[in-house]
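# Fold and geometry: a report
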Amino acid sequence: MGVHAVTNISTVELPNALTCAGVPARRLKSGAFNGGVAAATSSEFFKSKSLCKPLAKKWDRIIDRLSKESKSRKASSLKGAAKYLAKPGLISLGGGLPSSDYFPFEHIEIRVPTVGQFSEEETKINGQNVKIGKHDVPEGRSAFDLAIALNYGQGTGSAQMLRFVTEHTEIVHNPPYQDWQCIIDVGSTNGLDTLYRMFCERGDYVISEEYTFATAVETAAPLGVKFLGVKIDDEGLIPEDLDQLLENWDEKARCGRKPFLLYTVPSGQNPTGSTQGRARRQEIYKVAQKHDLLIIEDEPYYFLQMQPYMGPNAPPAPLPATHEEFLNSLVPSLLRMDVDGRVIRMDSFSKVISPGARIGWITATSQICERFTRNCEVSTQNPSGFSQVILHRLLDEHWGHTGYLDWLIFIRKEYTQRRDIILQACEKYLPKELASWTPPAAGMFHWIKIAVEKHPDFGKREVVDIEDDIFQASISECVLLSPGSWFVAERGARHTGLFFRATFAAAAGPDMTEAIRRFSIALKKVFEWEQMTCIPRPLSFRVSKKKFGDGECKYLYHTLTFVVLA
Ligand code: PLP
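Calculation notes
- In every chain, residue numbers begin from 1 and rise along the written sequence.
- In keeping with the model being predicted, local features are shown solely for residues with a pLDDT of at least 70 and side-chain atom pairs are shown and tallied solely at 80 or more, while totals for entire chains, interfaces and linings include all residues.
- Side-chain descriptors were evaluated using all non-hydrogen atoms of the structure, hydrogens and water having been removed beforehand.
- Two strands pair if DSSP finds at least two bridges between them.
- By the criteria applied, helices consist of DSSP H or I runs no shorter than four residues and strands consist of E runs no shorter than two, each listed in order from the N terminus.
- Whether two residues touch is decided by their heavy atoms; if any such pair falls within 4.5 Å, the residues are in contact.
- Every axis in this analysis is a line fitted to C-alpha atoms, fitted for helices over the stretch in contact. Angles between the N-to-C directions lie between 0 and 180 degrees.
- A 1.4 Å probe that fits but cannot get out identifies a cavity on a 1 Å grid over protein atoms alone, an open set with protein on both sides within 12 Å along at least five of seven lines counts as a pocket, and a residue lines either if it has an atom within 4 Å of a point.
- Grid points are joined across faces, edges and corners, and a volume is the space filled by probe spheres set on the points.
- By the convention adopted, Pro, Cys, Tyr, Trp, Phe, Met, Ile, Leu, Val and Ala count as nonpolar, Lys, Arg, Asp and Glu as charged, and the other residues, Gly among them, as polar.
- Only protein chains enter the accessibility calculation, which uses a 1.4 Å probe; a residue whose area is less than 20% of its type maximum is buried, one above 50% is exposed, and one in between is partly exposed.
- Note that domain bounds follow an automatic or database assignment of domains.
- In short, buried area is how much 1.4 Å probe accessible area vanishes from two parts on joining, totalled over both.
- We count a salt bridge whenever a side-chain nitrogen from Lys or Arg sits within 4 Å of a carboxyl oxygen from Asp or Glu.
- What qualifies as a polar contact is a pair of N or O atoms within 3.5 Å, subject to a donor-acceptor requirement within protein and to the restriction that residues adjacent in sequence count only when both atoms come from side chains.

Another point: the sheet that holds strand E12 (residues 435–436). Ordered in space as E12-E13-E15-E14, the four strands form an open sheet in which the pairing is antiparallel. Of all strands in the sheet, those with a lone pairing partner are E12 and strand E14 (482–483), marking the two edges. Relative to strand E13 (residues 445–450), E12 runs antiparallel, the two being bridged by two bridges. Within E13, the residue paired with Ser 436 across the bridge is Lys 449. Packing of helix H15 (residues 385–429) onto the sheet brings it into contact with E13 and strand E15 (499–503), and relative to E13 it is tilted by some 20 degrees.

Our next topic: empty space enclosed by the protein. According to the stated counting rule, one finds two cavities of 30 Å³ or more in the structure shown. Taken together, 18 residues make up the lining of the largest cavity; nearest its centre are Ala 38, Phe 144, Ile 148, Gly 153 and Ser 158. Within the residue set of the lining of the largest cavity, elements represented by two or more residues are helix H6 (146–149), helix H7 (159–172) and H15. Partitioned by chemical class, the residues of the lining of the largest cavity number seven nonpolar, eleven polar and no charged. Taken as a whole, the second largest cavity spans an internal volume of roughly 50 Å³. Lining the second largest cavity are His 168, Glu 299, Pro 300, Tyr 302, Phe 303, Asp 347, Ser 348, Phe 349, Val 352, Trp 361 and Tyr 404. For the lining of the second largest cavity, the residue count by class is seven nonpolar, two polar and two charged.

Of all six residues in strand E3 (residues 180–185), six are buried, a share of seventy percent or more. On E3, burial covers both faces: Trp 180, Cys 182 and Ile 184 on one face and Gln 181, Ile 183 and Asp 185 on the other are all buried.

So, on to the domain arrangement of the chain. Here the domain parsing of the chain yields domain 1 (36–72 + 100–413) and domain 2 (418–534). The C-alpha centroid of domain 2 is placed 31 Å from the C-alpha centroid of domain 1. In this assembly, 31 residues from domain 1 lie in contact with 26 residues from domain 2. Taken over both partners, the interface formed by domain 1 and domain 2 buries close to 2200 Å², and the fraction arising from carbon and sulfur atoms is 59%. For the interface between domain 1 and domain 2, the tally reads one salt bridge. Note that Arg 491 is salt-bridged to Glu 218, the shortest N-O span being 3.1 Å. Along the contact surface separating domain 1 from domain 2 lie ten residue pairs in polar contact (both at pLDDT 80 or more). Put simply, the parts of the chain that give the side of domain 1 that touches domain 2 at least two residues each are strand E4 (205–209), helix H9 (214–220) and strand E5 (226–230). When grouped by side-chain class, the residues that make up the side of domain 1 that touches domain 2 number twelve nonpolar, 14 polar and five charged.

See below:
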């Protein structure tokens, strides 16, 4: 393709990758840890000092493109004063931080899996009770306690959690520039809202895959920000299409500035389940360089990259045997190739720990993180103290980085098994002539393409109406799949594809199989498939429909189906 990289991303050498084993030494080197009440903190305290890495590009354009709202944000005076609290002997009468004497929680206790015994059953038997007390820090039991966590905190998130996610980010992605940072947020939906507010004015466009995470569109819409979709294939967003869209951007025709934000979900994309391979990511990055885009890399499913699908009833591929093997098996992130500092990566614990924790984080240049923090300070203030202290105790002090990677390998195995069940059900029940799919390599979603052109009314009715018939028929059969039209990036635009999204994350194995069987019945009904494919049946079925009531007709229909298929 005709896109030339501004900075050659393929030659980036990543020095001194932090490993799990290297974390204790890193912590020692960082010196005394300040994790007191509302401690001012930054990833800079917890990262390797990689002086051989270049600094991120200085982005005057970022300053230009900041929204009026973001430009006008000042640092919170009250949060700023918290830095003085670390001064030995200081008595504060300054802030409105209540005394922990009045927090009505002496301790909380959680029961969590022991490393290597992660299943619910194993946890019941061999799990460990972990007690989180109010004064664990002064009593030397932990680096974090309820007195700190349940007080006001900083817009960056707590020092304790920030240290963990900064180290984790370095272990997994090792960003190739020096001045990257992490900021903890209240999950990626909150991250997105913040980023739109930072970089968009009403009337601006954000570019994404043509089918995309509905909440990303719906968070933008009330801010007057429109989504525009780029064509996709099995590997997600097509870079050439992105390039063409931007190359031919006509501000007047589009009634909007040339877009500055690309929103993409590279792994296990929601809803299509597609995963961009390494080369695809590099091509997308080059287009972003050419058109000077910021990339929002939304990656809640990054660690749900699964084992390769081996086909029905094939033995599963062996899991990665070591942490190194596991990390090497993951497609490198856009952050990992981000030589310019144009990627804002969003991570979330929602899909790998629990959505109700409402904790995620962004990784971006210090310049972007500074503006992001200003927004958090006066909106969420800080993520929930309960969530932070519980996650910290589990991830940092109970499992540690290695145990967390073990957990991620465990859920990789679980999701692989679930994915395989749904694929086998689809192979068994869905007629190949009507339904097709690509086995997802990551995420929670299976995207089923329906051959709408085979519908008897194709060309006479809108595709969304046929889609709705299938949806309604599915509900009648007691199964719910999400129609593809719910995920169209460009709301209001006419779309011609017919897809359904099924998740393999939720239902138990036998239920998933049954759900696909029911969906297949609904699909065949709407397409009058049995009548089309079984020559002697159409007449007899149509006649019988007149003769019998609805219930009897259904019975007869099933009986006939059984006979014909047998
Ligand atoms: N991004 C994508 C692509 C998602 O699919 C989801 C949830 O479905 C989210 C973000 C939401 O993440 P969070 O729970 O961290 O807000």
